[in-house]
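Commentary on secondary and tertiary structure
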Amino acid sequence: MTTPIADALSFFQLSCGRWRSQRSSHHLLHRRAEAGGSLIVVEELELGDARLRAIAELHGQDPAGLVGGCRVRWSGSMAWDKAGEAHEGESLFGLIPTDERGRAGLLLRDRGYAETAPVAGHFAMDARDHLLLTTDYETMSSLERFSFAGPDVRLRTSTVEGLSNTASFCVETRCHADDDAAAPAEAGGANAAEAGGGAEPALSLLGW
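Since the model is a prediction, treat every value here as computed from it, not as a measurement.

**Things to note about the nonpolar core**
Grouped together as the largest cluster of nonpolar side chains are 21 residues, with contacts concentrated most on Phe 11, Phe 12, Val 42, Leu 107, Phe 123 and Leu 131. For this core, the secondary structure elements donating two or more residues are α1 (8–14), β2 (32–45), β3 (68–76), β4 (87–97), β6 (119–125), β7 (131–136) and β8 (140–150). Counting residues per element, this core draws most heavily on α1, at four residues. One finds Leu 52, Leu 92, Leu 106 and Leu 108 within the second-largest nonpolar core, a separate group that totals nine residues.

**Some words on the pairing of strand β10 (residues 166–175)**
Side chains on a regular strand alternate between the two faces of the sheet. For strand β1 (residues 17–27) and β10, the ladder comprises 10 bridges, and the chain directions are antiparallel. Counterpart to Ser 24 in the pairing with β10 is Phe 169. Relative to β10, strand β9 (residues 153–162) is paired through eight bridges, and the arrangement is antiparallel. Counted as the bridge partner of Val 153 is Thr 173 from β10. Turn length for the β9-β10 hairpin, with the two strands adjacent in sequence and antiparallel, is three residues.

**Quick notes on the packing of aromatic side chains**
We describe a pair of aromatic rings using the distance from one ring centre to the other and the angle between the two ring planes. With the rule as written, the count across this model stands at three aromatic pairs. Measuring from centroid to centroid gives 4.9 Å for Phe 11 and Phe 148, while their planes differ by 50°, and the two rings are tilted. On the criterion of sequence distance, the pair formed by Phe 11 in helix α1 and Phe 148 in strand β8 is long-range, its members being 137 residues apart. Note on accessibility: Phe 11 and Phe 148 belong to one class, buried. The interplanar angle of 55° and the centroid separation of 5.1 Å between the aromatic rings of Phe 12 and Phe 93 together place this pair among those described as tilted. Pair noted here: Phe 12 is in helix α1 and Phe 93 is in strand β4, with a separation of 81 residues, a long-range link. Taken as a pair, Phe 12 and Phe 93 share a single burial class, namely buried. What links up through ring pairs into an aromatic cluster is the set Phe 11, Trp 19 and Phe 148.

What counts, and at which threshold
- Residues numbered from 1 in each chain as written.
- Predicted model: local features only at pLDDT ≥ 70, side-chain atom pairs only at ≥ 80, totals over all residues.
- Heavy atoms only, no water.
- Core = buried A, V, L, I, M, F, W, Y, C linked by side-chain atoms within 4.5 Å.
- Buried < 20%, exposed > 50% of the residue type's maximum accessible area, 1.4 Å probe, protein only.
- Helix = DSSP H or I, 4+ residues; strand = E, 2+ residues; numbered from the N terminus.
- Pairing = 2+ DSSP bridges.
- Phe/Tyr/Trp six-rings, centres within 6.5 Å; stacked < 30°, edge-to-face > 60°.

By themselves, these are just geometric observations and shouldn't be taken as functional.
This is the structure we're talking about:
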């Protein structure tokens, strides 16, 4: 993406919308790869939203430091899922910059990526305007890198180290209003198989 991205909040704002995600996850312990797809919905939370204040207070942070946040919903399944097993849910997060440019700081989540308990991670943007998220949990740590290949294509890589060691690569494409996939993308109530294109197995986890 050639257009400069000023700060992390701008990066998240560019990520708002409905996305179809195709993902490959490599389970290092099992030496096997797992593929699939999911639908992700990202909505911006306005600065005065009570949910943002609640997230800051949950983590013992001053709500005055918040610059914004997002609500992320997802719906999908993974190739190794057992019958009837699916991945659906949502997460809220808020941003508290720790530098004047807003390119580094704290990312407060009401639930984590590798574990579901509330967690605080760190965000930073590099010289190429890629967004890096690092999160330490009790039993593992994760590193995620996001970048835009264009306004409607987002790339994501992630690694999880600890009790579960995985590496994943994701290509996410924006669903427009005239796309067939846009309507079922209301995650949490979507039929993942239908939304993912029928026979194609769906794969999820958080969009962040």
